[in-house]
Amino acid sequence: PTTVGLSGHKSIPLYGKAEAFRFVSDVVYTNHMSSGAYRGYGATQGGFALESAMSELADKLGMSPYDLRMKNMARLGDVGGVLHSEIKSCALDKCMERGREMIGWDEKYPRRVLPNGHIRSVGLAMAMQGSGISGVDIASVEIRLNDDGFYTLLVGCTDMGTGCDTILAQMAAECLHVTTDEIFVSGADTDSSPYDSGSYASSTTYITGQAVVKAATELEKRICQVAAGMLE
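Before going into details, it helps to say that this report is about the structure given with it. The structure displayed is predicted, hence computed values, not measured ones. Along every chain, residues carry numbers that run from 1 in the direction the sequence is written. Owing to the predicted nature of the model, reporting of local features is limited to residues with pLDDT of at least 70; listing and counting of side-chain atom pairs is limited to 80 or more, with chain, interface and lining totals taken over all residues. Think of the side-chain values as coming from all heavy atoms in the structure, minus any hydrogens and water.

Glancing now at the state of the cysteines. Two cysteine sulfurs form a disulfide in these notes if their separation is within 2.5 Å. This structure, assessed with the given rule, holds zero disulfides. Looking at the unpaired Cys157, the closest cysteine sulfur is the one in Cys164, lying at 4.0 Å. Unpaired in terms of disulfides, Cys175 finds its nearest cysteine sulfur in Cys224, a separation of 13 Å. Per-residue accessibility, obtained with a 1.4 Å probe over protein chains only, is compared with the maximum for each type, and a residue is labelled buried under 20%, exposed over 50%, and partly exposed between these values. By relative accessible area, which is 19% here, Cys175 ends up buried.

Right, here's the structure in full:
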């Protein structure tokens with residue numbers, strides 16, 4: 001139910017100004033191996049269907065798919081959508097504007113015909129994915145300044161190929177004004193790791209990452225206080 005539900009839950013709110021929504025699904029049993037959730041399950045499938053429909057609609061209206069999305073996309077401060085709540089954090093319009101610049105949309109849309117007769121076309125689509133589960137996700141980290149001048153970053157999350165060990169080291173290094181070579185990351189170890197609710201729901205960079213920022217900022221403050229005393 002979560003996987004198929006997210007097909008609508010994570011796609012329809014992209015266009016929160018519609019007066020009505022309807023999402024219907026069928027979950028069918030087959031004799032094939034059953035599949036499970038993996039990385040944004042349901043969201044990409046629902047997004048593909050919705051964005052395909054939006055591009056077809058733009059074509060029938062004779063509009064640029066970019067303009068149609070900019071007119072109808074969810075924006076900061078909007079109230080409504082599937083959850084009937086206020087959007088308090090959103091920069092989708094800025095992302096679309098930046099993407100338009102980077103891809104050279106105005107020069108490439110709807111198509112370019114090359115000297116050899118080949119056609120190059122361009123398209124666009126939007127997607128959304130939540131990060132973390134409100135009231136459930138918790139993360140703790142410890143940062144230690146070692147005698148040799150290097151730092152040890154203790155985390156409770158597990159790098160499952162998502163690259164969080166590297167990302168968290170980068171965040172700590174930026175806060176402490178050092179290179180990542182000076183940050184040693186100690187991963188999940190029940191003997192020494194601080195508590196972390198788990199590496200799931202696309203949350204580690206945001207939840208554990210903010211814990212790293214807070215810890216690194218506090219450590220920097222303490223280092224400055226000690227250094228100030230030593231240097232008068």
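The next subject is a nonpolar patch on the surface. Patch definition: residues with relative accessible area over 30% and no salt bridge; like charges joined within 9 Å; nonpolar side chains (Val, Leu, Ile, Met, Phe, Trp, Tyr) joined within 5 Å. Throughout, the Shrake-Rupley method with a 1.4 Å probe supplies accessible areas, and for residues the shown protein chains are the sole cover considered. What makes a salt bridge here is a side-chain nitrogen of Lys or Arg within 4 Å of a carboxyl oxygen of Asp or Glu, nothing more. A grouping of Val226, Met230 and Leu231 is seen on the molecular surface, where their side chains present a nonpolar patch of about 380 Å² in accessible area. In this structure, Val226 sits in helix H7 (residues 204–230). Elements are defined by DSSP. Helices are runs of H or I of four residues or more, strands are runs of E of two residues or more, and each kind is numbered from the N terminus.

Read across the open sheet, the three strands follow the order E5-E6-E7; overall the sheet is mixed. The sheet is open, and its two edges are formed by strand E5 (141–145) and strand E7 (183–186), each paired on a single side. Adjacent strand axes in the sheet meet at a mean angle of 20° when their direction is disregarded. In short, DSSP must find at least two bridges between two strands for them to pair. Strand direction decides the pairing type here: E5 and strand E6 (residues 151–155), joined by five bridges, are antiparallel. If you follow Val141 over to E6, its bridge partner there is Val155. Should any heavy atoms of two residues lie within 4.5 Å, those residues are considered in contact. Comment: axis = line fitted to C-alpha atoms, over the contacting stretch for helices; angle = value between 0 and 180 degrees taken between N-to-C directions. Here helix H6 (residues 164–176) sits on the sheet and contacts E5, E6 and E7; the angle it forms with E7, its principal contact strand, is near 140°. Taken strand by strand, H7 contacts E5 and E6, and its axis lies near 30° from that of E5.

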